[in-house]
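Structural overview for review
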Amino acid sequence: MQQAQFANSFPSIKDAAPASVSALRPALFARYGALSELRHDYPLVLVDEGQGATLLRPLSRIIDDILKAAAAPGADGEAMRQQVLKLEARIRRAVNGGRAGRLSALWRTAAAEMVKESGEAPFGPLDSNLDAARRHLDLDGEVIGCNAETPARVVTHAWKARQDAKARRFRKRVESLILRLSDILKSDHMKSHEAHGAEALASAMGRDVDGSIDFDALSGVLERARPEDRLPEDRVKRIRHALEALRCQPFFGPGRASQSCPKRPEPYNYTFTSVSDALNAHRARLPDVLEFTKAMTVAELEVDNKYRPELHDPVFARFDESDLTAEQMDLLPSALICLRDGVTVSAEIARAYEALACGLPITVLIQVDDLLGPTAPEPPRNSFGAGTTRLASMAMGLNNAFVFQAASAHLFRMCRALRRGMDYDGPALFCIYSGATPSVRGVAPYVLSAAATEARVFPNFTYDPAAGADLASRFDLSVNPQCEADWPEHVLDYEDREGQGCRERIAFSFADFAICDARYQRFCHAVPQDGWTPAMMPTAEHLAEPDEGNAIESSYVLGIDPENRLFRVVVDAKIVEAALRCNDAWRRLLELAGVNNSHALRLLAAERKAREAAERKAEAEPEPALAPEPAPAVAEAPPVAAEPADEGAADGVPWIETARCTTCNECTQVNSAMFRYNENMQAYIADPDAGTYRQLVEAAEGCQVSIIHPGQPRNPDEPNLAELIERAAPFA
Amino acid sequence: MTASMSQCLMQMVQTDYAISDYQSEIAPRWCSGCGDTAILTAMQRLCRDEQLPPEKTVSVSGIGCASRLPHYMNAYGFHGIHGRALPIAEGIKIRRPDLHVFVTMGDGDCCSIGAAHWLHAIRYNMNMTVLLHDNNVYGLTKKQASPTSPHGMKSNTTPFGATLNPLNPLTVTLGVSNVSFVAQAVDWIPDLLYQILRQAYHHKGLSFIRILQRCPNFMEHRFDDWVRDPSKMRILTHGDGLRLAPDLSRVYKNQETHDPLNMERALALAALEGEIPVGILYRNPNVPCYDELRAGERPNTPALVETVLNEEFDKVGIWPDGAAAQVGE
Ligand SMILES: Cc1ncc(C[n+]2csc(CCOP(=O)(O)OP(=O)(O)O)c2C)c(N)n1
Ligand code: SF4
Ligand code: SF4
């Protein structure tokens, strides 16, 4: 929820008849009314493989990156910033309105529409600004909104990226084996009778030989010199067999070296919507897996000429699935099973746990659309708030499976965990709440799914068995709002009856989440301000101290109606009880994550007691004298830029306009003690007395840029001074 | 003992290059007063101030007096063939993007025999700094007219005076698609030459500097009017552009603030007659660079070259029956 920016739509208290409960929403939702106008994590771009390390990137962040690179800072870039942000809003509206497509295409359409609407000629300022910005668009991919399809789209995208990486690795290995095996066969063939035959020789020469060569004779000569060391027949057979199995493998699409295999089957499909189908497919494909794995092993031995029939034949004869190693399995694709709670039959969900438990290479998505469940028991479904929030927690008990739970709204923030889950070499479970609950009307799935996390109904977490041996390293609960608190608190701004702005910190609890749901609204009733009494207590406070004395009917959450009027929504004892259960589950998760661990808390309390006792003892002793205040540091005066003394030969001293020296070596060749170069290789007069006035004057005359000023002669006894002074005059 | 040890180590780690580290053992053989010396010095100054490791720096040239420059730089150098400095430099840059590439050309080198390469190098906009030493003449071959020789100039090939008006390397460069940096410097204001070179070095893309260079040997008085009369030099300044030291500012008072993104004004300045503009005429850091667009995924290290070669060799390595046993055992 933090991703969306604040929109100015305050709830207000006005005189009103008790609202119809069915249209109520939690008061904190007031800011997220027109989601299409707010910049948030959706639309989300499913970034194409190979474009940086990201799987997912929100449109808003992409736009920010582009603007940082393309728009000039300050007022100069303002026009471009405004235009590109408008473009972003337009794409967001289009995607929310159901338009699908790749980012580049959506951009093009939106930009064209904007230019058209502006009435500006093509290549005008708007057009060229949008075009300049688009050049910085360095990634592309499908753009999706937050809706009932999102969990499957995102997980499938991440799974595909992983399978593509696997396919590349697979092809690299298999192709190299194919090439090397075929080279062995080729070089053997070159020694054959056939390869030395007249026909083969003639075809090697081309058509234009017209009988001038007797190929039969040539063949006869060559045949006599033909090497005899052909490959043993059983080795040729074995290589041919392995080659065929590698070329015609049905797991991934063909690589370059196996494109031409005529018997090549269509690659297997690895995406399923039922566990039974996936398991059946797994079983049916097992012979192919074994055949292929055997061929790989044979090929690897053969290219190194290490296959020893007496040793290896019996091993391969009894090779079965129990011989498959994890590494061999990992070379092949893993299956993706997309299940949807409430749509998939519940027996299938149970089977998913079995499949995960036996360690098959599968990725399971369980999409949850309804968290609370019906208000009356409908076995086997959980009811009254118990919903399906425990699916992922249960899977953690399997120990060897990677478990991921997140709400749709937080998928981008959980992106790294998503990738880790895909890369995990073992079974993985992704449990994602879509926010598209049929019984909740008028709340966007993005907002509702974020609310589920806020209300601790569906916390985000990962359990990664590869991260370490202990729970602290495996279990991560950190991507949750205000992790240490029972319920996250937020600021609510509203107007009171007199139109004065008020501000209140309120907690967002299970009860807030529950009042969105039409089925649960019969357990609440809205009270306008006239009916507010001091006996009413916010549910979160009520839960914090479930004081027996408090009448349970007095527990309320703040709600708003479609006109943004504020009510207290008094909730029934059944909701309060469900909230308590939810809080309880959250606390246990916290303990798992090491927050407020009950064992640690007990130790800590004992520790604190001991320390306080020690401190009391120390207070009795005198304190050491305080060190004197350090004197304030003297502020360093900025160095005053020294105005260079007005140069000139006023005092008759010879000088060079050093900054204009072109390093031509002329003067330094006249007298290298008198004329020297500084650290920038520009000449200055190092020692006017190191030479004669004549040298100074000659250097001045030789200097191509006339920057040497000889000044007055220093030695009055130097011969021909009069003439030299005259020659020096133009350089004064 | 310990102290001096650690000092030694420090010195080994903190290389501190001085100008002399970029001077080769060969003393420049240019005629005395030749403007090429100022350009060489500016370049060595830049290397020193940017602390460019000599082994990461390469200067590439064609043929001519100017093109002797790589000999005088203690860094990698490629004294190429006439007119071909740019394609060689592009080849270096695309395979070794880690190197700092400088290109030195004379006006004959760049604007006549190498003209085609010049245009396409501008268009490719690869990351490098290009210096055109423009002395308006073929110096090395002893005075033939070049494309930039002034109309009427008498030379060995134009004994009755050059027939055509000269080509203006600045307007030509500014007219090429993807141009991203064009500046003009003169060798006789070395400080500005240095500053322009430095800005060029920091520019992402191909930076083209035309340097008016005096050839006292064959074009003795060609630039005298401007060398002697600083008011005929127009210094272009802008926010983060050239800074004139106070003593230079007193000499060169003719200054103009010019926005280097303003192409129209850049073209007008480039075509200026009578005065010589000095400074950055055009600069656009957002033009795409061919070397970035086509950058390889992996840097081409010797280790990588070896691995790739070995992989290729392994593909054709055939192990006849028994051979591996002999090799391996
Ligand atoms: C292919 C080829 N053609 C002609 C020459 C002869 N040649 C050598 S240098 C030169 C001109 C050099 O003039 P410029 O590039 O202006 O450099 P400067 O010597 O003036 O610095 C020519 C034509 C050559 N070396 N190679
Ligand atoms: S003669 Fe003039 S330009 Fe040449 S090095 Fe000496 S001072 Fe510098
Ligand atoms: S001929 Fe001209 S350009 Fe060549 S070195 Fe001599 S002065 Fe310099």
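Residues numbered from 1 in each chain as written. Chains lettered and ligands numbered in written order. Predicted model: local features only at pLDDT ≥ 70, side-chain atom pairs only at ≥ 80, totals over all residues. Heavy atoms only, no water.

Attention shifts here to empty space enclosed by the protein. Any empty space left between atoms is shown by rolling a water-sized probe over those atoms. All names here are of chain A. Scanning all chains against the criterion turns up five cavities of 30 Å³ or more. A volume near 250 Å³ is recorded for the largest cavity. As for the largest cavity, its lining consists of 19 residues, and the residues nearest its centre are Tyr270, His282, Met329, Pro333 and Pro361. Of the residues that constitute the lining of the largest cavity, the class distribution is 16 nonpolar, two polar and one charged. Estimated volume of the second largest cavity: approximately 100 Å³. (1 Å grid on protein atoms, 1.4 Å probe; cavity = no way out; pocket = protein on both sides within 12 Å on 5 of 7 lines; lining within 4 Å. Points joined across faces, edges and corners; volume = space filled by probe spheres on them. Nonpolar A, V, L, I, M, F, W, Y, C, P; charged D, E, K, R; others polar.)

On to the site of ligand 3, then. Residues in contact with ligand 3, as listed here, are Trp30(B), Cys31(B), Cys34(B), Cys65(B), Asn135(B), Gln213(B), Cys215(B), Pro216(B), Asn217(B) and Phe218(B). Residues that form the shell around ligand 3 fall into these classes: seven nonpolar, three polar and no charged. (Near = heavy atom within 4 Å.)

Now for the pairing of strand E1 (residues 57-61) of chain B. Residues and elements named next belong to chain B. In terms of burial, E1 is largely enclosed, as five of its five residues are buried. Residues Thr57, Ser59 and Ser61 of E1 are buried on one face, and the alternating residues Val58 and Val60, pointing to the opposite face, are buried as well. Examined bridge by bridge, E1 and strand E2 (residues 76-79) share four bridges and lie parallel to one another. In the sheet register, Val58 faces E2, and the bridge partner there is Tyr76. (Buried < 20%, exposed > 50% of the residue type's maximum accessible area, 1.4 Å probe, protein only. Helix = DSSP H or I, 4+ residues; strand = E, 2+ residues; numbered from the N terminus. Pairing = 2+ DSSP bridges.)

Counting 151 residues, the largest nonpolar core has Leu246(A), Phe404(A), Phe510(A) and Phe513(A) as the members making the most contacts within it. With 66 residues, the next largest nonpolar core counts Phe675(A), Leu721(A), Ile196(B) and Leu242(B) among its residues. (Core = buried A, V, L, I, M, F, W, Y, C linked by side-chain atoms within 4.5 Å.)

Residues and elements named next belong to chain A. Taken as a whole and judged by the stated rule, the model has 56 salt bridges over all chains. Where Glu113 meets Arg99, a salt bridge forms, and the shortest distance between an N and an O atom there is 3.6 Å. Of the two residues, Glu113 sits in helix H3 (residues 103-118) while Arg99 sits in the loop between helix H2 (78-96) and strand E4 (101-102), which places them 14 residues apart along the sequence. Assessed through its relative accessible area of 25%, Glu113 is described here as partly exposed. On the accessibility criterion, Arg99 (36% relative accessible area) is partly exposed. Via salt bridges that share partners, Arg39, Asp64, Glu88 and Arg92 belong to a single interconnected network. (Salt bridge = Lys/Arg side-chain N within 4 Å of Asp/Glu carboxyl O.)

Residues and elements named next belong to chain A. Taken together, the neighbourhood of ligand 2 is formed by 13 residues, with Cys661, Thr662, Cys664, Cys667 and Cys703 sitting nearest. Among the cavities detected, the one that contains ligand 2 is the second largest cavity. Counted by class, the shell around ligand 2 contains nine nonpolar, three polar and one charged residues. (Sits in = over half its atoms within 2 Å of the grid points.)

Bringing the sheet that holds strand E9 (residues 233-237) of chain B into the picture now. Residues and elements named next belong to chain B. An order of E2-E1-E3-E4-E8-E7-E11-E9-E10 is seen for the nine strands of this open sheet, with the pairing classed as mixed. Strands at the two margins of the open sheet, each flanked by one partner only, are E2 and strand E10 (255-257). Strand-to-strand twist of the sheet, defined as the mean angle between neighbouring strand axes without regard to direction, takes the value 20 degrees. Bridging between strand E7 (residues 181-186) and strand E8 (residues 206-212) involves five bridges; their strand directions are parallel. Residue pairing for E8: Ala183 is matched across the bridge by Ile209. Across the face of the sheet, helix H4 (residues 85-95) comes into contact with E1, E2, strand E3 (100-106) and strand E4 (128-134) while running at roughly 175 degrees to E3. On top of the sheet, helix H8 (residues 190-202) reaches E3, E4, E7, E8, E9 and strand E11 (276-283); it is set at about 165 degrees to E7, its chief contact. (Axes fitted to C-alpha atoms, helices over the stretch in contact; angles between N-to-C directions. Contact = heavy atoms within 4.5 Å.)

Bringing the side chain of Ser274(A) into the picture now. Residue and element names in this part refer to chain A. Relative to the helices and strands, Ser274 is located in the loop between strand E6 (271-272) and helix H9 (275-303). Residue class for Ser274 comes out buried when judged on its relative accessible area of 14%. Looking at Ser274, its side chain comes within polar contact range of the main-chain nitrogen of Ser276, at 3.3 Å. Other than its neighbours up to four places away in sequence, Ser274 contacts Ile337, Leu339 and Glu348. (Polar contact = N/O pair within 3.5 Å; in protein donor to acceptor, adjacent residues only side chain to side chain.)

Predicted coordinates in areas of low pLDDT are best not read in detail. Residue and element names in this part refer to chain B. Summing up the model confidence of chain B, the mean pLDDT is 89 and the portion of residues at 70 or higher is 91%. Overall, residues 1-14 carries pLDDT values under 50, and its contacts beyond four positions in sequence, including any with other chains, amount to zero contacts. Contacts from residues 323-329, a stretch scored under 50 in pLDDT, to residues over four places away or in other chains number six contacts. (pLDDT = per-residue confidence, 0-100.)

With that settled, consider the interface of chain B and chain A. Listed by partner, the interface residues are 34 residues for chain B and 31 residues for chain A. For the pair chain B and chain A, the two sides together bury roughly 2700 Å², of which 50% comes from carbon and sulfur. For the pair chain B and chain A, the interface holds zero salt bridges. Put simply, chain B and chain A have eight residue pairs in polar contact (both at pLDDT 80 or more) between them. Broken down by secondary-structure element, the contributors of at least two residues to the side of chain B that touches chain A are helix H2 (36-50), H8, helix H10 (246-251), helix H13 (302-316) and helix H14 (323-328) of chain B. (Buried area = accessible area lost by both parts, 1.4 Å probe.)

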